[in-house]
Every structure is written in C-alpha cells, then in structure tokens.
Amino acid sequence: MGIGLWLHDVKCATAVVAQDGSGDFNGTTGEVIQNALNYVGNKGGGIVFVKQGDYTLEPINYIEGWGYVCLLVPNYVELVCENGAKFITSPAGKTSTRIDGIGLKAKQDGEDAYNVKLKNIWLDMTAIQGGGRIGDGIGLGVSSPNYGYECKAENIYVKGAPHYGVSVGRMYRASLRNIYGEANGRGALYMGQAFYCNVDGLWGWDSFGDDSVSPPEGFGAFLGDGSSRLNLKNIHTWNNAYAGLNINGLDTLNIDNLVCRDEIKCIQMLSGGPFNVNIANFILDTKERGQHAVYIKTATRNISSINFVNGMVSTGHIEIVDGGYNLIGIRFNNIDFINVDHILKDESGKVRGLFLSNIKSESLYKEAIITNAQYFWLVHSYIRGCKEGDNLYDLIKFSGVHGWIEDNMLYGEYAPIYGINTDGANIVRIYRNDFFNCPNPINPAGSNLYIRQNRGYVTENSGTATFIGDGTTTSFNIAHGLATTPTYWSVEEASSAAGAAEISYATVTSSSITVNFKSAPASSSTVIVSWYAEV
C-alpha cells in the first residue's frame with residue numbers, strides 16, 4: 001500500500017511534508033513541518049508524515065520561562081518520518097538561551113498533554129552546542145501544574161544535544177521504544193516525575209558530560225527526580241562521561257536485561273533515596289579495575305529495598321559510601337564477578353540488611369568482601385580471591401553486628417591473612433563453610449561467635465585416647481585437633497586402669513588436652529579415656 005492510500009485510510013486529519021512538491025506542505029525547513037503540525041492539530045489530531053530528505057530546524061517557537069523549541073507537536077498528533085528523513089538543527093544566531101529540538105505544544109499553551117506520538121525521528125542537535133546554549137533533543141514533558149498522558153516515542157535517534165537526547169517529565173504512562181542517544185551532553189535519556197512509564201530498548205553512548213551541575217551529569221540514562229513505577233528492559237549503555245545509569249529519588253524501578261560496558265561507573269545511586277529497585281539479567285563492565293560496577297552513596301534520604309539478581313560483573317566492584325543516611329535492605333543473588341578488586345566494599349556503617357547469595361568470583365585481586373553492616377548474610381557462594389599475593393588481604397572481613405556466613409566455598413588464589421576475619425564483629429554465625437588454601441581460615445576476634453562444622457577449621461572434636469602406664473607418670477597429653485584453644489572440654493575414665501588411677505583434672509592449650517590422674521597408673525596397664533572439646 002502506498003503512503004497516499006495508507007493516509008487516506010486513516011480516520012483522522014493527515015498531512016504529508018515533502019521536498020519534491022508531492023506533499024501537502026513542501027519545503028526543507030522546520031517551519032514547513034510546523035505548519036503541517038499546526039494544521040493537523042487544529043483539525044483535532046491526526047498524522048503528519050515527513051518524506052525523506054534533510055530538513056533544517058530553527059528555534060521558531062518560544063515558550064515563556066523556558067526558551068525556544070524548533071518543533072512543537074500538538075495533542076493527539078503523530079509525527080512520523082520516512083526512512084531517510086533527517087532533522088538537523090541550527091541555532092539561527094541565537095546565543096545564551098535554551099533551544100530544544102522537538103517538544104509538546106501543550107507546554108507552550110500551559111495545558112495537559114495527551115496522546116502525542118513520535119516515530120522514526122532522526123535528529124542532529126550538534127549545531128546547538130556552544131554559544132551558551134542548552135537544550136534537549138526531544139522533550140516529552142510539560143510544566144507544573146500540568147501533566148502529560150499516554151505519549152509515545154518509537155525509533156528515535158538523537159545526537160549532540162547539550163542536555164539529554166530524550167527527556168520525559170511530568171508524564172503518566174509514557175511509552176518509549178528503541179531510543180538511541182549518541183554523544184549528548186548529559187545523556188541519552190532523562191526521566192523525572194515520570195509515572196507508570198515503560199521503556200523497551202535504549203542505547204545511550206558517548207555522553208560528553210556537563211560539569212555545570214553538581215554532581216556533574218553525563219549518563220546513558222538519568223532515572224529519578226520524583227518518578228514512580230518505571231519499567232525498563234533491553235537497556236544498553238557504554239562509554240559515558242560519568243555513569244551508565246544514574247538512579248535517584250524514585251519509588252519502584254524495574255530493569256530487565258541491562259548491559260553497561262566501558263563505563264567509569266555502571267550504576268550510581270546518589271541523593272534522593274531511591275527505594276524498591278529491582279535490576280535483573282545484567283552485565284556490568286567498567287573501563288578499568290578499581291572502578292565501580294555499582295556505587296551507592298546514602299545522601300539526603302534513606303535508600304531501601306535494592307535488589308540485583310542474575311548478572312555478571314567484570315572489572316568493577318560494588319561500593320557503598322556513607323552520605324549521612326541509611327541503606328536499608330540490599331540483595332545480590334546469582335552474580336558472577338570476574339577480574340575485579342573486590343566483590344563489595346562497604347565501610348559506611350549505614351547498611352541495615354546486606355544479603356549475598358549464590359555469588360561466584362574468579363580472578364579477584366584483593367579482599368572479596370569488606371563490610372560493617374548490621375544484619376549481613378553471605379550464603380551458598382564460591383569466592384576465590386587474594387590474587388595479588390600471599391598474606392596481603394582477608395577474603396571476608398566482617399566487623400558489623402549480626403552476621404550469617406554459611407555454606408560457602410572460600411578459596412585463596414594466594415593465601416589470605418584470614419579466610420574470614422571477624423575482628424570487631426558481634427553476634428556472628430559461621431557455619432558449614434569449606435576453606436581451601438587458607439592456612440588461617442578464621443580469626444574469631446569478635447564477640448558472641450557461633451563457629452561450627454567448617455571444613456578446614458575444626459571447632460569440635462571427640463574420641464578416645466589410650467596410654468600405657470609406667471607406675472610413675474600421672475599426666476598424659478591428647479591432641480584435640482581444634483583450630484584454637486577450646487572453651488569447653490571434658491574427659492572420662494574408659495578403662496579399669498584409668499578408673500583405678502582416677503582422673504583429678506584436665507587442662508587445655510591451643511593444641512592439646514592434658515589429663516592429670518590422682519595416682520600414677522600401674523606399670524604396663526592400658527589406660528583409656530574418652531574426651532570431648534569444642535571452641
């Protein structure tokens with residue numbers, strides 16, 4: 001079906017923009033396109049179809065208190081471009097002002113926005129850079145007290161906007177699909193005060209950064225600023241100035257299928273206290289070791305209920321930094337770490353509930369985990385670390401309160417100082433862990449420790465010991481085989497000769513139990529005692 005027949009079948013107003021004289025509106029300027037948009041908008045809505053060719057967009061629409069916008073799309077209007085149609089902006093001599101590429105006419109009119117649709121848009125904003133100019137490529141947003149509803153953008157490419165490629169603000173139920181942002185100043189996508197919005201397919205790369213704001217911005221995507229109920233999937237970022245994703249100040253964010261690579265920080269959560277964030281099926285890859293796969297700073301408000309599940313982290317690590325507020329409930333499950341300094345570093349003293357399960361690490365250079373969290377779990381994990389050399393780091397260093405370290409395999413690539421160091425910790429359960437190449441598996445330096453059934457660190461033992469009396473010796477030593485000096489021990493006579501000599505008392509050292517008899521067992525008699533000891 002040709003475009004003319006297709007438009008004829010659409011039950012709404014239509015207009016075609018062309019450069020060859022075949023359109024309802026003909027020309028190569030944004031003014032021609034704006035006339036077509038106004039025409040369809042005045043008819044109550046419909047479709048504006050822009051045929052192939054390069055179109056120059058200039059800042060012809062002014063919004064009081066905001067700045068200029070090259071194209072304004074009215075409510076109920078869909079702007080669709082043919083393959084090969086390109087929008088190239090020009091500042092037209094304007095300096096020190098804001099110039100957006102495409103925006104909503106409702107913003108200019110001070111109204112709510114409804115059902116604006118953009119499809120197959122190719123927009124180059126590079127010429128707007130410099131001259132004190134700022135601006136977004138596409139702005140799907142309105143100003144307070146208004147809101148937008150049911151707006152859509154599909155197959156959008158924006159390059160070179162001083163701020164964001166696509167910006168969504170004060171918007172309900174917006175839908176974005178296949179958004180491409182290349183070399184925009186602050187990032188490919190901004191979502192602030194966005195509610196119940198969906199993104200399926202985002203590629204954001206090479207943002208060059210804006211240091212005029214604090215903290216500086218330059219991301220694949222900025223998600224937050226009062227947003228709620230965001231759902232994103234198929235998100236790809238790389239080589240951005242500051243981070244792949246910046247997440248702050250939002251309630252309920254779900255991300256599925258995320259790839260951040262060649263980033264200084266893959267994900268950062270800073271001020272504003274995001275909560276109820278779920279990120280699943282991800283790959284996080286920083287430029288260099290020592291950089292951050294996930295960076296969290298608890299500033300201005302508590303952060304709570306953060307979940308990462310099913311992923312791989314390469315080169316970078318997770319770090320939590322004290323910003324004055326608490327992080328309440330963060331979970332990492334089923335994640336592989338490869339070629340990293342650490343799995344997680346947390347010396348903030350602000351974490352209340354840190355759960356790691358099914359973690360696997362290879363080529364881990366320093367400490368695997370450092371934390372002083374309250375309520376810390378590490379379970380069902382395989383951790384292999386300390387690759388930089390012998391006796392430089394602990395594998396696990398926990399100095400918080402209430403810890404559970406259970407059912408893990410802990411392997412020193414080189415021998416760690418300790419496999420688990422609990423110096424400064426209180427109320428810790430270390431149970432059923434296996435240690436390999438850890439000459440000092442556990443440093444039980446904390447208080448209220450329960451340490452049991454750890455292979456490579458014996459905490460309870462028992463058996464029988466047999467001695468031959470010589471008529472003069474009253475003390476006999478039994479090697480207990482425990483990792484350290486027992487805190488409880490007992491011995492009992494288990495033969496008639498032992499009973500006749502009668503045990504007086506027993507003492508312990510870090511290596512043995514010494515049994516002292518009241519009298520020397522008879523010469524050539526077989527002395528048997530049963531014993532038990534535990535740390």
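Residues numbered from 1 in each chain as written. Predicted model: local features only at pLDDT ≥ 70, side-chain atom pairs only at ≥ 80, totals over all residues. Heavy atoms only, no water.

Peer 1: What should I look at first to understand unusual backbone geometry in this one?
Peer 2: Outside of glycine, negative phi angles account for most residues, and trans bonds account for most peptide bonds. The amide bond that connects Ser144 to the next residue, Pro145, takes the cis arrangement and shows omega of 10°. Here Pro145 shows up in the loop between strand 12 (138–141) and strand 13 (148–149). The omega torsion across Ser214 and Pro215 is -5°, close enough to zero to call that bond cis. Here Pro215 lies in the loop between strand 18 (198–205) and strand 19 (219–224). Of note, Asn234 is a non-glycine position whose phi angle comes to about 60°, a positive value. Along the chain, Asn234 turns up in strand 20 (residues 228–238). (Helix = DSSP H or I, 4+ residues; strand = E, 2+ residues; numbered from the N terminus.)

Peer 1: Before we go on, may I ask you to explain the pattern of salt bridges in this structure?
Peer 2: Pairing between side chains becomes possible if they bear opposite charge and their charged atoms approach one another. Within the structure shown, the criterion is met by 18 salt bridges. For Lys233, the salt bridge goes to Asp200, with nearest N and O atoms at 3.9 Å. Of this pair, Lys233 sits in strand 20 while Asp200 sits in strand 18; the two residues are 33 residues apart in sequence, bridging distant segments of the chain. Through salt bridges that share partners, Arg98, Asp100 and Asp136 make up one connected network. (Salt bridge = Lys/Arg side-chain N within 4 Å of Asp/Glu carboxyl O.)

Peer 1: Could you clarify how one ought to interpret the nonpolar core in this entry?
Peer 2: Generally speaking, nonpolar side chains in soluble globular proteins are found buried as a group. In terms of nonpolar packing, the biggest core is built from 116 residues, with Leu79, Phe87 and Ile267 touching the most fellow members. Take this core: its biggest share by element is six residues, from strand 28 (residues 327–340). If sequence neighbours within four positions are ignored, Phe87 has contacts with Ile33, Val50, Tyr55, Leu57, Leu71, Leu79, Cys81, Ile102, Ile121, Trp122, Leu123 and Asp124. Counting residues in hydrophobic clusters, the runner-up holds 18 residues, among them Phe467, Ala501, Ala506 and Ile513. (Core = buried A, V, L, I, M, F, W, Y, C linked by side-chain atoms within 4.5 Å. Buried < 20%, exposed > 50% of the residue type's maximum accessible area, 1.4 Å probe, protein only. Contact = heavy atoms within 4.5 Å.)

Peer 1: Whenever I open this one, the confidence of the model for the chain confuses me. Can you help?
Peer 2: In low-pLDDT regions, the fine details of the predicted coordinates are not to be read closely. Looking at the chain, pLDDT values average 93 and 98% of them are 70 or higher. Below a pLDDT of 50 lies the segment residues 1–10, which in the model reaches nine contacts outside its immediate sequence neighbourhood of four places, other chains included. (pLDDT = per-residue confidence, 0-100.)

Peer 1: Is there a simple way to think about the sheet that holds strand 42 (residues 460–468) in this case?
Peer 2: Strands belonging to one sheet form pairs held by backbone hydrogen bonds; the direction of such a pair is parallel or antiparallel. Taken in spatial order, the three strands of this open sheet run 42-47-44, and their pairing is antiparallel. Looking at which strands have only one partner, the edges of the open sheet turn out to be strand 42 and strand 44 (488–493). Adjacent strand axes in the sheet meet at a mean angle of 20°, parallel and antiparallel pairs treated alike. The sheet contact formed by strand 44 and strand 47 (residues 526–534) spans six bridges and is antiparallel. Counterpart to Ser490 in the pairing with strand 47 is Tyr532. (Pairing = 2+ DSSP bridges. Axes fitted to C-alpha atoms, helices over the stretch in contact; angles between N-to-C directions.)

Peer 1: What is the right way to read the environment of Lys287 from this model?
Peer 2: Within the fold, Lys287 resides in the loop between strand 24 (275–286) and strand 25 (292–299). Classification of Lys287 as partly exposed rests on a relative accessible area of 38%. Residues Lys287 and Cys266, 21 residues apart in the sequence, show an inter-C-alpha distance of 9.6 Å. Excluding residues that lie within four positions of it along the chain, Lys287 makes contacts with Asn239, Asp262, Glu263, Ile264 and Thr315. Within polar-contact distance, the side chain of Lys287 engages the backbone oxygen of Asp262 at 3.2 Å. (Polar contact = N/O pair within 3.5 Å; in protein donor to acceptor, adjacent residues only side chain to side chain.)

Peer 1: Honestly, the pairing of strand 9 (residues 99–104) in this entry has me stumped. Any pointers?
Peer 2: On a regular strand, each side chain points to the face opposite its neighbour's, so the side chains alternate between the two faces of the sheet. Burial runs high along strand 9: six of the six residues are buried. By the bridge criterion, five bridges tie strand 6 (residues 67–73) to strand 9 in an arrangement that is parallel. Within the sheet, the bridge partner assigned to Val69 lies in strand 9 and is Asp100.

Peer 1: Just to check I follow, could you spell out the sheet that holds strand 43 (residues 475–479) for this structure?
Peer 2: Spatially, the three strands line up as an open sheet ordered 43-46-45, and their pairing is antiparallel. Of all the strands in the sheet, just strand 43 and strand 45 (503–508) have a single pairing partner and so form its edges. Sheet twist, expressed as the mean angle between neighbouring strand axes with direction ignored, is 20°. The sheet contact formed by strand 43 and strand 46 (residues 512–517) spans five bridges and is antiparallel. Bridging from a neighbouring strand, Phe476 pairs with Val515 of strand 46.

Peer 1: How should a nonpolar patch on the surface be read in this particular structure?
Peer 2: Together, Ile283, Met312 and Ile338 give the surface a local cluster of nonpolar side chains, amounting to about 210 Å² of exposed area. What makes Ile283 partly exposed here is its relative accessible area of 37%. (Patch = residues over 30% accessible without salt bridge, like charges linked within 9 Å, V, L, I, M, F, W, Y side chains within 5 Å. Areas by Shrake-Rupley, 256 points an atom, 1.4 Å probe, with all protein chains shown as cover.)

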